[in-house]
Amino acid sequence: MSVSTNPSARGRKAVAAPARRVRRLSRRDKVVLGMMVGIPTLIQLVLVWIPTLMSVGLSFARWNGLELTDIKPAGAENYQFVAHDYPPFWPAVQHNVLWLAFLALVATPLGLLLAVLLDQNIRGTRIYQSIFFAPVMLSLALIGIIWQLFYNRDSGLLNFLLGTAGTPQAVDWFGDSGVNIWAALFAATWRHAGYVMILYLAGLKGVDPTLREAAQIDGASATQTFFRVIFPAMRPVNVIIIVITVIESLRAFDIVYVINRGTNGLELISALVIQNLVGEGQVIGIGSALAVILLVISLIPITFYLSRAFGKDKEA
Amino acid sequence: MSIAHPTDAAAAGSPVATGQPGFGPGRTGHRPGRPANNKQGRRHYGTHVFLIVMAAIWLVPLGWAIFTALRPKADTDKYGYFSTGGAFNFDNFTQAWTQGGFSQLFWNSVLITVPSVFLILFFASMMAFAVSRVNWKFNITLLIMFTAGNLLPPQVLAAPLFEMFKHFELPYALSDSGNLLNTYISVIAVDTAFQIGFVTFVLSNYMKALSPELTEAALVDGAGVWRQYWDIILPLCRPALAAMGTLEVIFIYNDFFWPLLFIQSGDRLPVTTAINNLQGQFLSNYNLIAAGAMITAVPALVIYLLLQRHFVAGLTLGSSKG
């Protein structure tokens, strides 16, 4: 595989240069370079990739997490158990799918809409941006607590606004297993939409203004211009947004863990992994099988992203 | 690499911008012909109404938390939470601060965040230099491995890391657990490993856009690889390093999961993870919980106000991170 480090137009002159440079490296330079690459790579292998492979290995084993000698091969037992005899598993899958659908169909389009509106040089645009972006600075754990105060049955604002506070109809928004996933999704949207907005605002600024002019001269309406010209021109940003949306919905954990540790209507695969690793049983095999299921699903957006981000480099 | 360049130009003052077509000067001034001026005016009116409503909705949860935090528990008990009766003061904040042990918790956050961010920037910039400035066979493979690692859900590696640290024995003089669990080292190490990938990816794109003549000249002068990296490339990367540094401070300050997994003693937890215990600690005193939550938000909001440009630049520079 031959690699040129500067495949784009930006590095035109550089294409020939690196090859020459390599030959001029002294032995000392080679040692220094080896360290510069070796240390980070070692950290990455030991603390990210080897544990990932170990997760795969442990998912085919039975282990209580105590002595290393207790690890017994278990074949696909853990997976069978998870799929057939583990009640929270399928609800968790459904919730993860719902999480993805909600972020993709509500939060992300809302962020895009805010970006488009704020890109028009309207008055106060910076103030609006600051307001919508503020939740992005907060941790999802903290967001869980802030919304808990808002959703609380007896002291929360929402039930007061709905006029049900203090009555038997008052809903415990985070406690009632019928509604808490939706309540959590609104809290997650609060953060996600601002994140999407800021990325699209940057994306919109990067679109060549002549494209918009040309489309309008051709008689396209504002809506047509946006969907047929501007939106497709933001393809790199769109790829990032898709990946972030999918990955965020797989990673969703903090907020449900803060609410009720991911139980009672808020089961998510990520939370089930942790429930099986800590706490009573310490069933590492089951936890690892769940982790591997999460891993396999995550590889879809990761591969999609990598092929977009690095695909062009390889062809060049 | 297509990731960084369309978005970062204005924000970070990145060198990438110089190579972009279509950013001709004078373009931004005149917007496309607008004969229908009053129509546009009316549309902006509707836009404002929508934005004001959305902004109000956005501020409500935060506003409610602040409102609750400012009122003494006795007054909310007497008048109800949804009322304006009684006093407004910072008593809940001082009480939450001492009762929650926030000075210790913030110090824990500093002990985790500061070393992690420096290690991340140091290792990632070395790696980015090596893969972007030197032509090497495995450049892309390594970069893919680093980038992919950052995108994994942390729960995927939770069990093996926990067990690795548990079985990594240390003398009791160094760690009272006898292993790496319940130490800051475990959190710093994993935070560093997890974030190196993202920062390497962003910095390598940034470095690729720097002119190769820069190091060519240094090479003629006999400068070694380390000097090229430390004296020439790194200073030129200052805007990107500032952006990544700001972003990583927030990411690590906001990290909930790794301390939750590795640290068992409540008084060693960083703020973000410790707020999970506030609800139990303050029982159902929501005024105190609200005050504690707001205290936790302060550092992030201060950084946001002071370093907003860097933070946004960091997000848009790479933005492969969730």
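Within any chain, residue numbers begin from 1 and follow the written order of that chain's sequence. Each chain is given a letter, starting from A, and each ligand a number, starting from 1, according to the order in which they appear as written. Given that this is a predicted model, residues contribute local features only at a pLDDT of at least 70 and side-chain atom pairs are listed and counted only at 80 or more, while totals for whole chains, interfaces and linings are drawn from all residues.

Turning next to the overall build of chain B. A run of H or I in DSSP counts as a helix once it spans at least four residues, and a run of E counts as a strand once it spans at least two, with each numbered from the N terminus. Assigned secondary structure in chain B consists of 14 helices and zero strands. Order of helices (α) and strands (β) in chain B, N terminus to C terminus: α-α-α-α-α-α-α-α-α-α-α-α-α-α. Here a residue counts as buried when 20 or more other C-beta atoms fall within 10 Å of its C-beta, as exposed when 12 or fewer do, and as partly exposed in between; the C-beta atoms come from the backbone. The proportion of buried residues among the 322 residues of chain B is 51%. The contact criterion used is a C-beta to C-beta distance within 7 Å, with each C-beta placed from the backbone. Look at the contacts in chain B between residues 6 or more apart in sequence, and 74% of them connect residues 24 or more apart.

Turning our eyes to something else, we now look at the UniProt feature "transmembrane region" (unreviewed entry) in chain A. Residue and element names in this part refer to chain A. UniProt positions are given in the numbering used here, feature names are shortened, and annotations may be inferred rather than shown by experiment. Per the UniProt annotation, the sites labelled "transmembrane region" (unreviewed entry) are residues 31–50, 97–118, 130–150, 181–202 and 283–306. Between the C-alpha atoms that bound residues 130–150 there is a distance of 21 Å. The span itself is 71% helix and 0% strand. Here residues 283–306 runs as 96% helix and 0% strand, with 34 Å between its end C-alpha atoms.

Take the packing of helix α13 (residues 269–277) of chain A against helix α7 (residues 158–166) of chain B next. Remark: α13(A) packs on α7(B), axes separated minimally by 10 Å, with the N-to-C direction vectors making an angle of 30°. Considered as vectors, α13(A) and α7(B) are oriented roughly parallel to each other. Here α13(A) and α7(B) pass one another in a crossing that is right-handed. Side by side, α13(A) and α7(B) meet where V273(A), I274(A) and L277(A) of the first sit next to A158(B), A159(B) and F162(B) of the second. Helix axes are fitted to C-alpha atoms over the stretch in contact, other axes to C-alpha atoms as well, and angles between N-to-C directions run from 0 to 180 degrees. Throughout, the term roughly parallel applies to angles under 35 degrees, roughly antiparallel to angles over 145, roughly perpendicular to angles from 65 to 115, and oblique to all others. Should the near helix be turned anticlockwise from the far one by less than a right angle, the crossing is termed left-handed; should it be turned clockwise, right-handed.

Turning our eyes to something else, we now look at the confidence of the model for chain B. Residue and element names in this part refer to chain B. Confidence in the prediction of chain B, expressed as mean pLDDT, is 79, and 85% of residues score 70 or more. Each residue gets a pLDDT score, which is the predictor's confidence in that residue and runs from 0 to 100. Per-residue pLDDT, averaged within each element of chain B, yields its smallest value for helix α1 (residues 5–13) (35) and its largest for helix α5 (residues 102–133) (93). Predicted confidence is poor over residues 1–41, with pLDDT under 50, and the contacts of this stretch with residues over four places away or in other chains come to 72 contacts. Here the prediction assigns the complex a pTM of 0.84, and the interface score ipTM is 0.84.

Moving on: the interface of chain A and chain B. Contacts between the two partners involve 100 residues from chain A and, on the opposite side, 99 residues from chain B. Examining the composition of the side of chain A that touches chain B, we find that 19 residues originate from one element, helix α2 (residues 27–58) of chain A, more than from any other.

Attention shifts here to the UniProt feature "transmembrane region" (unreviewed entry) in chain B. UniProt's feature table lists "transmembrane region" (unreviewed entry) at residues 49–70, 105–130, 142–162, 182–203 and 286–307 of chain B, given in the numbering used throughout. In the segment residues 286–307 of chain B, helix accounts for 100% and strand for 0%; the C-alpha atoms at its two ends are 31 Å apart.

So, about the packing of α2(A) against α5(B). Two elements in contact, α2(A) and α5(B), have axes separated by 9 Å at closest approach and are oriented at 125°. Relative to α5(B), α2(A) is oriented oblique. In the crossing of α2(A) with α5(B), the sense of the turn from one axis to the other is left-handed. Residues L33(A), M36(A), V37(A), I39(A), P40(A) and I43(A) of α2(A) form the contact with α5(B), whose own contacting residues are F123(B), A124(B), M126(B), M127(B), F129(B) and A130(B). Charged means Asp, Glu, Lys or Arg here, nonpolar means Ala, Val, Leu, Ile, Met, Phe, Trp, Tyr, Cys or Pro, and polar covers whatever is left, Gly included. Residue composition of the contact of α2(A) with α5(B), grouped by class: 12 nonpolar, no polar and no charged.

As a further point, take the environment of Y305(A). Residues and elements named next belong to chain A. Considering the arrangement of structural elements, one finds Y305 in helix α14 (residues 284–315). Exposure remark for Y305: the 22 C-beta atoms within 10 Å place this residue in the buried category. A C-alpha to C-alpha distance of 32 Å links Y305 and G75, two positions 230 residues apart in sequence.

The span expected for a helix works out to 1.5 Å for each residue beyond the first. Spanning 30 residues, helix α4 (residues 89–118) of chain A covers 42 Å between terminal C-alpha atoms, matching the ideal 44 Å at 1.5 Å per step. At L103(A), α4(A) is bent by approximately 35°, the largest bend along its length. By definition, a residue's bend is the angle between the axes fitted to the seven residues ending there and the seven starting there.

On average, residues of chain A carry a pLDDT of 83, and 90% of them reach 70 or more. Overall, residues 1–22 of chain A carries pLDDT values under 50, and its contacts beyond four positions in sequence, including any with other chains, amount to 33 contacts.

Next up on the list: the environment of A141(A). Its place among the elements puts A141(A) in helix α6 (residues 140–151). Look at A141(A) and you get buried, because 27 C-beta atoms sit within 10 Å. Along the chain, A141(A) and V256(A) lie 115 residues apart, while their C-alpha atoms are 8.4 Å from each other. Leave out the neighbours within four places in its chain, and A141(A) touches D254(A), V258(A), F256(B), T272(B), I275(B) and N276(B).

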